[in-house]
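Tertiary structure, described
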Amino acid sequence: MPEGPSILILKEEVEQFSGHKIIAVSGNAAIDIQRLQDKKIESFKTWGKHFLICFDGFTVKIHLLMFGTYLINERKETPPRLSLLFSNGELNFYTCSVKILEGDIDLYYEWDEDIMNENWNPEKAKRSLGKVPNEMICDALLNQNIFSGLGNIIKNEVLYRCYIHPESLVGKIPKAKIDEIVDESSIYSFEFLKWKKKFELKKHWQAHSQNRCVRCDLPLLKKYTGKKKRRSFFCTNCQNLYE
């Protein structure tokens, strides 16, 4: 599933279509697709893993789910979920969720929950963590209403950087470490963005999908952790378990 930084890259890549009118629309999305015909795109926005195409009075929300993709000025042989044609190119989405949000987009999203938004509020994230003391930190980090845009890669890398075992209970983690986790969530996300643009993200992974701890030179444990049962990669020697 694409994480927040990847959706920001999508936004940057499609800015060429902002302010342009849709001259043709097609696809098999379960919305009134023809409503988009001849409509002008007012702006593109992102909220975590949500890509938002904003029109006057409504917004199309795209979620790429686990296997969604998009192509700019290219097409696949398979039918698109949504295809938008402009005078200066085309934008095609595949294997994704497409929904229409009516009215003001600001009514749907808390922008300060997005770890890469200019309005990101780390203090709010800390308060939200304080409300889930019995959750494992691996689950809390993936809660999109606390850390919008944070995905499994960021989770694993942040916890490794902070020396925290993914099965640690939020309420048992020292405050200084909670502060560190929240700060690193944003710091690592922007590093992710930089490395992704250079096509070198994987070479910087220290925990995610790795076999050995670079600090201890011991095997990393791979385990499906928490209620979400997402893959965690961690060192049982240097990542402290708080329970």
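Scroll up for the structure.
Notes on the structure follow.

The rules behind each value
Residues numbered from 1 in each chain as written. Predicted model: local features only at pLDDT ≥ 70, side-chain atom pairs only at ≥ 80, totals over all residues. Heavy atoms only, no water. Helix = DSSP H or I, 4+ residues; strand = E, 2+ residues; numbered from the N terminus. Buried < 20%, exposed > 50% of the residue type's maximum accessible area, 1.4 Å probe, protein only. Core = buried A, V, L, I, M, F, W, Y, C linked by side-chain atoms within 4.5 Å. Contact = heavy atoms within 4.5 Å. 1 Å grid on protein atoms, 1.4 Å probe; cavity = no way out; pocket = protein on both sides within 12 Å on 5 of 7 lines; lining within 4 Å. Points joined across faces, edges and corners; volume = space filled by probe spheres on them. Nonpolar A, V, L, I, M, F, W, Y, C, P; charged D, E, K, R; others polar. Pairing = 2+ DSSP bridges. Axes fitted to C-alpha atoms, helices over the stretch in contact; angles between N-to-C directions. Disulfide = S-S within 2.5 Å. Lys, Arg positive; Asp, Glu negative; His and termini not counted. Salt bridge = Lys/Arg side-chain N within 4 Å of Asp/Glu carboxyl O. Polar contact = N/O pair within 3.5 Å; in protein donor to acceptor, adjacent residues only side chain to side chain.

The phi angle at Thr-95 is positive, at roughly 50 degrees, despite the residue not being glycine. The topology assignment puts Thr-95 in the loop between β7 (89-94) and β8 (97-102). For Tyr-163, which is not glycine, the phi torsion reads 60 degrees and is therefore positive. Residue Tyr-163 is classed as partly exposed on the basis of its relative accessible area of 35%.

Looking now at the nonpolar core. Formed by 32 residues in total, the largest nonpolar core has its most connected members in Leu-129, Ile-137, Phe-147, Ile-164, Ile-181 and Tyr-188. When contributions to this core are tallied by element, the ones reaching two or more residues are α1 (4-14), α2 (122-130), α3 (137-141), α4 (152-161) and α5 (175-197). With seven residues, the top contributor of residues to this core is α5. Look past the residues within four positions of Ile-137 in its chain and what remains in contact with it is Leu-159, Ile-164, His-165, Pro-166, Ser-168, Val-170, Ile-173 and Ile-181. Membership of the second largest hydrophobic core comes to 27 residues, among which are Phe-51, Ile-72, Leu-91 and Phe-93.

As a volume, the largest pocket reaches approximately 730 Å³. Taken together, 30 residues make up the lining of the largest pocket; nearest its centre are Met-1, Pro-2, Glu-3, Ser-6 and Lys-196. For the lining of the largest pocket, the secondary-structure elements that each account for two or more residues are α1, β5 (69-72), α4, α5 and β10 (230-234). Partitioned by chemical class, the residues of the lining of the largest pocket number 14 nonpolar, six polar and 10 charged. The calculated volume of the second largest pocket comes to roughly 180 Å³. Residue contributions to the lining of the second largest pocket peak at three residues, all from α1. Broken down by class, the residue content of the lining of the second largest pocket amounts to three nonpolar, five polar and four charged.

The sheet built from four strands is open, its strands ordered β2-β3-β4-β8 with antiparallel pairing. The open sheet has two free edges, formed respectively by β2 (43-47) and β8, since each of these has just one partner strand. Strand after strand, the sheet turns through a mean of 25 degrees between neighbouring axes, direction not considered. The pairing of β2 with strand β3 (residues 50-55) spans five bridges and is antiparallel. Residue pairing in the sheet places Ser-43 in a bridge with Cys-54 of β3. Each of β2 and β3 is contacted by α1, which is oriented at about 175 degrees to β2, the strand it contacts most.

Taken as a whole and judged by the stated rule, the model has zero disulfides. This cysteine, Cys-235, is not joined by any disulfide, and Cys-238 carries the nearest cysteine sulfur, 3.7 Å off. Here Cys-235 falls in the buried class, since its relative accessible area comes to 1%.

A few words now on the side chain of Lys-155. In this fold, Lys-155 is placed in helix α4. An unpaired buried charge is present at Lys-155: no salt bridge exists, and Asp-139, the closest side chain of opposite charge, is 7.3 Å distant. Side-chain polar atoms of Lys-155 contact the side chain of Ser-232, separated by 2.8 Å. When near neighbours in sequence (up to four residues on either side) are disregarded, Lys-155 contacts Cys-138, Leu-141, Leu-142, Leu-150, Thr-225, Arg-230, Arg-231 and Ser-232.

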